[in-house]
Amino acid sequence: MAKILINSNTEIDLEKNLQSIGHQIFYTDSHHKMVGVEAEKLNVDLVLMNIPPEWSDAQAEGDELTSNIFNSNVPLIPLIDLKGQSDFLPIHKHILANATHGFMLKNDSEPYNLSQLRHMIDIAIYKHSNTLNQDLNKKCTPSGEINLKNLYDEIPLPYQSLDADGNFLEVNQMWLDTLGYSREEVIGRWFGDFLTTDCLDIFKSKFPRLTAGRVQGQECELIKKDGSTLHALYHGKVKYGDDGKFNNLQCILQDTSLSKKTEEALRESEKKFRTFVQQSLDGIVLLDEEGRVIEWNKGYEKITGMKKESAIGKLFWELKYQLTPPERRTLKRLKHLMKLQLEALETGRAPFLSQIHETDLIRTDGEIRYIEQVAFPIKTRLGYRVGYVTRDVTHRKQIEEALEKRIVALSKPISNTEEIRFQDLFNLKDIQEIQDLFAEATGVGSIITQPDGTPITKPSNFTSLCSLVRGTAKGAQNCFRSNSCVGGNSEEILIRKCFSSGLWESGASINIGGIHIANWLIGQVRNEAQKEDEIVAYAHKLGLKPEKFISAFNEVPLMSTDDFRKIAEALYAFANQLSSLAYQNVQQTRFIRERQKAENALQRSLQEEEITNQVVSQLVGASKTTEIYQIIGETIKKLLPNSYVVISSIEPDKKGMSILKTFGLKKYRQEMEGILKINPIPTRFPVHNGFIPEMDDFFTDHLQELTPEIYNLIFKIISPRVFRRIERLLDVGKFYNIGFYWNKQHYGGLTIALPKNQSLEHEKTIETIVNQASIALQRSYAEKAIKESLEEKEVLLREIHHRVKNNMQIISSLLNLQRQHVSGEETRDVLKESQGRVKSMAMIHEKLYQSPNLTRVDFKDYIEKLASNLIYTYKIENRDIEQVFEVKDVEMNIDTAIPCGLIINELITNSLKYAFPPSFQNKKGVIKIKLVQTGNLFQLEISDNGVGLPADIEPENAETLGLQLVHTLVNQLDGSLKIDRIRGTKFTITFQELNYKERI
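Parameters at a glance
- The residue numbers shown here count from 1 along each chain, following its written sequence.
- Per-residue local features of the predicted model are confined to residues with pLDDT of at least 70, and side-chain atom pairs are confined, for both listing and counting, to 80 or more; whole-chain, interface and lining totals are unaffected and use all residues.
- Calculated side-chain values reflect all of the structure's heavy atoms, with hydrogen atoms and water omitted.
- Only DSSP runs of H or I with at least four residues qualify as helices, and only runs of E with at least two residues qualify as strands; both kinds are numbered from the N terminus onward.
- A 1.4 Å probe rolled over the protein chains alone gives each residue an accessible area, and that area as a share of the maximum for its type sets the label: buried under 20%, exposed over 50%, partly exposed in between.
- Throughout, a residue-residue contact means that at least one pair of heavy atoms, one from each residue, lies within 4.5 Å.
- For every accessible area listed, the method is Shrake-Rupley and the probe measures 1.4 Å; residues are considered covered only by the protein chains on display.
- Here, expected helix span is obtained from the residue count minus one, scaled by 1.5 Å.
- The arc in question is formed by the directions pointing from the helix axis toward the C-beta atoms.
- Two N or O atoms form a polar contact when they lie within 3.5 Å of each other; inside protein one atom must be a possible hydrogen donor and the other a possible acceptor, and for residues adjacent in sequence the pair counts only when both atoms belong to side chains.
- Only buried Ala, Val, Leu, Ile, Met, Phe, Trp, Tyr and Cys residues count toward a nonpolar core, and they belong to the same one when joined by side-chain atoms within 4.5 Å.
- Aromatic contacts are taken between Phe, Tyr and Trp rings whose centres are within 6.5 Å, Trp giving its six-membered ring; a plane angle under 30 degrees counts as stacked, one over 60 as edge-to-face, and the others as tilted.
- Each ring is checked for a lysine NZ or an arginine CZ that lies within 6 Å of its centre and within 35 degrees of its normal; such an atom marks a charge sitting over the ring.
- Should DSSP find at least two bridges between two strands, the strands are taken to pair.
- Salt bridge, as used here: a side-chain nitrogen of Lys or Arg that lies within 4 Å of a carboxyl oxygen of Asp or Glu.
- Fitted lines through C-alpha atoms serve as axes, helices being fitted only where they are in contact, and the angles separating the N-to-C directions of these axes extend from 0 to 180 degrees.
- To count toward a patch, a residue needs a relative accessible area above 30% and no salt bridge. Like charges then connect within 9 Å, nonpolar side chains (Val, Leu, Ile, Met, Phe, Trp, Tyr) within 5 Å.
- When charges are counted, Lys and Arg contribute as positive and Asp and Glu as negative, whereas His and the chain ends are disregarded.
- A charge is said to be at NZ when it belongs to Lys, at CZ for Arg, at CG for Asp and at CD for Glu.
- In this analysis, the protein atoms alone were mapped onto a 1 Å grid. Cavities are point sets where a 1.4 Å probe fits without being able to get out; pockets are open sets with protein on both sides within 12 Å along at least five of seven lines; lining residues have an atom within 4 Å of a point.
- Grid points are joined across faces, edges and corners, and a volume is the space filled by probe spheres set on the points.
- Throughout this entry, Asp, Glu, Lys and Arg are counted as charged residues, while Ala, Val, Leu, Ile, Met, Phe, Trp, Tyr, Cys and Pro are counted as nonpolar. The remaining residues, Gly among them, count as polar.
- For classification purposes, an angle smaller than 35 degrees is called roughly parallel, one larger than 145 roughly antiparallel, one from 65 to 115 roughly perpendicular, and anything else oblique.
- Two helices that cross are described as forming a left-handed crossing if the nearer one is turned anticlockwise from the farther one by less than a right angle, and a right-handed crossing if clockwise.

Novice: Help me understand the overall build of the chain, please; the structure alone is not making it clear to me.
Specialist: Scanning the chain from terminus to terminus reveals 31 helices and 32 strands. In the chain, buried positions account for 42% of the 1000 residues. In the chain, of all internal contacts separated by at least 6 residues, the share reaching a separation of at least 24 is 58%. Just so you have it, the chain exposes about 55800 Å², and 52% of that area is on carbon and sulfur atoms.

Novice: Sorry if this is basic, but what is going on with helix H16 (residues 428–442) here?
Specialist: Think of an α-helix as 3.6 residues a turn; residues three or four steps apart then line up on the same face. With 15 residues, H16 should cover 21 Å at 1.5 Å per step; its first-to-last C-alpha distance of 21 Å lies within 8% of that length. All of the buried residues along H16 are Ile431, Gln432, Gln435, Phe438 and Ala439. The buried residues of H16 occupy an angular sector of 130° when projected down its axis, which confines them to one face. Of the residues in H16, the exposed ones pointing more than 90 degrees away from the buried face are Lys429, Leu437, Glu440 and Ala441. Here the buried face of H16 lies against helix H15 (422–425), strand S16 (445–449), strand S19 (515–525) and helix H21 (561–621). With a side-chain oxygen lying 3.0 Å from the backbone nitrogen of Lys429, the N-terminal cap of H16 falls on Asn427.

Novice: Would you take a moment to explain the nonpolar core for this structure?
Specialist: Most often, soluble globular proteins keep nonpolar side chains buried together rather than apart. With 43 residues, the main nonpolar core has Phe859, Met892, Ile903, Ile904 and Leu940 as its most contacted residues. Elements with a minimum of two residues in this core: helix H28 (825–850), helix H29 (859–873), strand S27 (881–887), helix H30 (894–915), strand S29 (925–934), strand S30 (937–944), helix H31 (961–972) and strand S32 (985–992). For this core, the leading source of residues is H30, giving 9 residues. Setting aside anything within four residues of it in sequence, one finds Phe859 in contact with Ile844, Val887, Val890, Met892, Ala897, Cys900, Gly901, Ile904 and Leu931.

Novice: Would you mind going over the packing of aromatic side chains with me for this structure?
Specialist: How two aromatic rings sit relative to each other is set out by the distance from centre to centre and by the angle between their planes. The full count for this structure, using the stated rule, is 16 aromatic pairs. Taken together, a centroid distance of 5.3 Å and an interplanar angle of 45° make the contact between Trp520 and Phe574 tilted. Highlighted residues: Trp520 in strand S19 and Phe574 in helix H21, separated in sequence by 54 residues. Taking relative accessible area as the criterion, Phe574 reaches 30% and is therefore assigned partly exposed. When the ring of Tyr629 is compared with that of Phe740, the centres are 5.8 Å apart and the planes differ by 45°; the resulting orientation is tilted. Residue Tyr629 is found in helix H22 (residues 625–639), and its partner Phe740 is found in strand S24 (residues 732–742); the two are separated by 111 residues along the sequence. Across the pair, exposure class does not vary: Tyr629 and Phe740 are buried alike. We note Lys397 situated over the ring of Tyr370; from NZ or CZ to the ring centre the distance is 5.8 Å. Positioned above the aromatic ring of Phe553, the side-chain terminus of Arg526 is 4.9 Å from the ring centre.

Novice: Can you walk me through the pairing of S30 in this structure?
Specialist: Every regular strand shows the same layout, with side chains that alternate between the two sheet faces. Of all 8 residues that make up S30, 6 are buried, and the element is covered over most of its length. Bridge count for S29 against S30 is 8 bridges, and the pairing is antiparallel. Bridge pairing in S30 links Gln933 to Phe938. What sits between the antiparallel neighbours S29 and S30 is a turn of 2 residues, in which Gly935 has the positive phi angle 65°. Across 8 bridges, the pairing between S30 and S32 is antiparallel. Bridge pairing in S32 places Leu937 opposite Gln992.

Novice: How should the side chain of Thr380 be read in this particular structure?
Specialist: Here Thr380 is to be found in strand S14 (residues 368–380). Engagement of the side chain of Thr380 in a polar contact is seen with the side chain of Glu289, the distance being 2.7 Å. When neighbours within four sequence positions are excluded, Thr380 is seen to be in contact with Glu289 and Arg385.

Novice: It is not clear to me how the pattern of salt bridges should be interpreted in this structure. Could you clarify?
Specialist: Pairs can form between side chains of opposite charge whenever their charged atoms are close. Under the defined criterion, the tally for this structure stands at 23 salt bridges. Across the pair Arg391 and Asp282 runs a salt bridge, and its minimum N-O distance is 2.8 Å. Taken as a pair, Arg391 in strand S15 (residues 383–392) and Asp282 in the loop between helix H9 (257–279) and strand S11 (283–287) lie far apart in primary sequence, 109 residues in all. Its relative accessible area of 45% is what places Arg391 among the partly exposed residues. Residue Lys308 pairs with Glu295 through a salt bridge whose shortest N-O separation is 3.5 Å. Placement of Lys308 in helix H11 (residues 308–311) and of Glu295 in strand S12 (residues 293–296) is noted, with a sequence separation of 13 residues between them. What you see here is one network of salt bridges that share partners, running through Arg363, Asp365, Glu367, Arg369 and Asp392.

Novice: Mind showing me how you'd approach the sheet that holds strand S3 (residues 46–51) here?
Specialist: Backbone hydrogen bonds are what pair the strands of a sheet, in a parallel or an antiparallel way. Pairing is parallel across the open sheet formed by 5 strands, whose spatial order is S2-S1-S3-S4-S5. Of all strands in the sheet, those bounded by a partner on one side alone are strand S2 (24–28) and strand S5 (104–106). Going across the sheet, the axis of each strand differs from the next one's by a mean of 20°, ignoring polarity. Relative to S2, strand S1 (residues 3–7) is paired through 5 bridges, and the arrangement is parallel. The residue bridging Lys3 from the neighbouring strand is Gln24, located in S2.

Novice: I keep staring at H30 and nothing clicks. Help me out?
Specialist: Relative to the 32 Å expected for 22 residues at 1.5 Å per residue, H30 spans 30 Å between its end C-alpha atoms, a close match to the ideal helical length. Of all 22 residues making up H30, 18 are buried, and the element is well covered by its neighbours. For H30, the N-terminal capping position is held by Asn893, with its side-chain oxygen 3.3 Å away from the main-chain nitrogen of Asp895.

Novice: Quick question: what am I supposed to make of a nonpolar patch on the surface here?
Specialist: On the surface, Ile810, Leu814 and Leu817 cluster together into a nonpolar patch covering about 290 Å² of accessible area. Among the structural elements, Leu814 can be located in helix H27 (residues 763–819).

Novice: What should I look at first to understand a negative patch on the surface in this one?
Specialist: Together, Asp430, Glu433, Asp436 and Glu440 make up a negatively charged patch on the protein surface. When you line up the elements, Glu433 lands in helix H16.

Novice: Looking at this model, I keep getting lost on the pairing of S11. Mind explaining?
Specialist: Within S11, 5 of the 5 residues are buried, leaving the element largely enclosed by the surrounding structure. Neither face of S11 is left uncovered, since the one carrying Gly283, Val285 and Leu287 and the one carrying Ile284 and Leu286 both have all their residues buried. Two elements, S11 and S15, share 5 bridges in a ladder whose sense is antiparallel. Pairing of Gly283 across the sheet is with Thr390, part of S15. Alignment of S11 against S12, held across 3 bridges, turns out to be antiparallel. Looking at the pairing, Leu286 lines up with Glu295 of S12. Adjacent in sequence and paired antiparallel, S11 and S12 are bridged by 5 residues, among which Gly291 carries a positive phi angle near 90°.

Novice: Please clarify how empty space enclosed by the protein should be interpreted in this entry.
Specialist: If you roll a probe as big as a water molecule over the atoms, it shows you where there is empty space left. Overall, the coordinates contain 5 cavities of 30 Å³ or more when judged by the stated rule. Put simply, the largest cavity is a space of about 180 Å³. Around the largest cavity, the lining is made up of 19 residues, and of these Phe462, Cys466, Asn483, Glu505 and Gln524 lie nearest the centre. The biggest single contributor to the lining of the largest cavity is S19, with 4 residues. Here the residues of the lining of the largest cavity are counted per class, giving 10 nonpolar, 7 polar and 2 charged. Along the walls of the second largest cavity sit Lys832, Glu833, Gln835, Gly836, Lys839, Leu866, Asn869, Leu870, Thr873, Tyr874, Asn905 and Thr909, which together make up its complete lining. Among the secondary structure elements, those contributing two or more residues to the lining of the second largest cavity are H28, H29 and H30. Counting residues per element, the lining of the second largest cavity draws most heavily on H28, at 5 residues.

Novice: Help me out: how do you make sense of the sheet that holds S30 in this one?
Specialist: Pairing is mixed in the open sheet, where 5 strands are placed in the order S27-S29-S30-S32-S31. Lying at the two open borders of the sheet, with one neighbouring strand each, are S27 and strand S31 (976–980). With direction set aside, neighbouring strand axes in the sheet form an average angle of 10°. Inspection of the sheet shows S27 paired to S29 by 7 bridges, in the parallel sense. The residue of S29 that forms the bridge with Val887 is Leu931. Sitting on the sheet, H30 touches S27, S29, S30 and S32, and the angle it makes with S30 is about 15°.

Novice: Explain the packing of helix H19 (residues 532–542) against helix H20 (residues 546–554) here, please?
Specialist: Relative orientation and spacing of two packed helices are given, respectively, by the angle between their axes and the distance between those axes. The interhelical angle for the contact between H19 and H20, taken along N-to-C directions, is 130°, at an axis separation of 9 Å. By the angle class used here, H19 and H20 are oblique. Pair H19 / H20 crosses with right-handed handedness. The residues of H20 that touch H19, namely those facing Glu532, Ile535, Val536, Tyr538, Ala539 and His540, are Pro546, Phe549, Ile550, Phe553 and Asn554. Residues of the contact of H19 with H20, tallied by class, amount to 8 nonpolar, 2 polar and 1 charged.

Here it is in structure tokens:
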């Protein structure tokens, strides 16, 4: 509907009715030609203007204004109230004849004919719209074509117009420049000649439909003159003639080549990214803004055993919970995972983001895997996505654990035989390979066992006979017994028959520092002396078939005793070499471990020293107790990252404790509030019977573990059941306390809670920094007490200055009252001068209690105010006397300020009284006051251009009290006085600031 401007005199009912039929109403207070200006500014469609009756009293002016309004570009309908007079019109009829859209009449309080007004509004808007179209068409006629073409050439985008057949009627210069053609090569040609083959068919099929209305965002690909192509979107509108038939299709082309290239580059980049993700050996997972999996690569499938199809679309924290080993799969962990994940998705910040952390997971097949994982946020327009990169470190972890186990074994005391094992000292894979090669090269069977005969390695080159024997319980028992005896801890080579099969065997012990840790056994050979009947008899004992046993016996290699002895000697030498190597490894490892311990201790000592120095430096600059507590808490967390730190203070009356700060508990704050039913910070714990002696157990100067007695003393406000719930929430193992204690004064305490299975470290460092904090707290409390005392004294001093000023004001008032009750002029003058002196001193005290500095007076303001008061006192406001002040920012103490103020008072008073007598009336008087400070030296100059001081008057022998007082005060300041009598009088006084002297 239309936007209509009405003036404020239009009735409310009319306004509501117009709004009810959908018109948008604007308001104006104007009743003259400014209405047209406002209408054009608001871009309204119509103006309804109530012609005020006053125009009948000034009809000439009204006619001129109305005529101007009708010349506006916005249609206007006048609304005229006849006021009950049929012949009444506020404007002339010939003016109303210019109202091309008509006018409305009403009589007095009668309402407007709304039906008539509605039709009139519709006709006016339609008529105005047609007028605009006719004007536009005129611009498009031959007379307006040149201007229109210039307009098109100014458009910063390619423009074209096509006829009903798709031939070019017009293109602008930007079109020609973009595609590289001349105007002659384009006008009159078919648009399809400039399109690629793919776009040509689309244009043929769509052009008939395009001529039916508006064109929005149609894609096309044009051929440039140089043969390259231009990707574009064309937007346009069909232009119709006066007969309503198609005239032309006007289009603007939007170059999309860059966006096309960008899209292709993005698609190519995304393709490469997905290829990289899928081919990566690391596991990669990507979550959307809701935490659901949208990418799950093959690497993560391999790590977790979970297929991509079963993970896509699911919430990652639920999948992560499923992959958590059973012993850690709790509801608490699920909530924790969900909370962290939501925090990362909502804010892009969470403790686990951009941090490599190591953990374990359980695959779908039940296998435990160790992983390293890093997560990172990705900002999108909808929030944040989160990506995970995961690496399987199971193999490395196993190697590290095996290496650590070996190092631990090698570093254990040699005297402890139960803690040294062969498999902890050597790589069994390497030993097995050596054993296999030895057996293959010599043709004997070989195995390494524990001292009791239990196998350590797999058998090498064992015969089927031995396998048959070991397959029976009795045979296996005899084998183990034989193995334990043949190796022994002997320094001689032992060759004998096996207890089980009767084959020849030998062995050598492997020792470390004289401790027997293993046997290397060889054998399973026979010589010609061994008979089958012995074998048969042993087969019967084991319950085996003799035929099979004899067949296996015949497969045993034959070897002479001398050859077997040589092999045994080689084995003995080799075993001794292993023993020596093992011993060297033990010694070397022990040396390395001790060196590592020393280096770690040194590193730890340097770290503790650095932290201590930092804390001391920070505490020196800390003045508030909150700063001190913050420094200590952050330092403890730096030393013990997994700890929880609670700082409490003792109340001054020793009747309670308050928890002031906590560190490490932020993420548990909400849950703790739910358990305690209160906000835990700050919390006050009342101490019954005041500061009872047992509190010393809590506030000692060294760390001590929290005992049940201390718990009962400090935390009796919390029930043990609730306290245990908090312990479980935080997974706390032990509590430790230390007090802020200095010079027999308690300032509070520090509680450290450690997770289970974590021992307390850095005890001495913690005790040192807590001791330094105690000193800083004592200093802070002392500074606070001093500050409070100074503030109290400052208040008292201000009060003293204020009262002195008031007392002097009273004295001044008394002198003024006394002056009104004396008759002699000389007496009045004496009282007036005395009153001025008292005022000058009172002003000093007034300046002091109003000043932020209670010891020094700002003399610039003081001098200006003093001089003004004196001029007022001596009633010379109407006289032509100018005051000139040359006073910089000068301050001085009260001992100097009072005599200096009195000197200024006396000399200005003297000038006002004597320098400008009646004979001086026609001249302009000047009193100049100059005060400068150079280092510790002050120079005061007071001068006037009056009649001058007589040559025979000197301050030291003057008869007047004023000059005598000046002389005395200059001496009091230890200053000097010079008088210049040329062109008036100038007093120059030089002095230094007086130091404070103790009063008697």
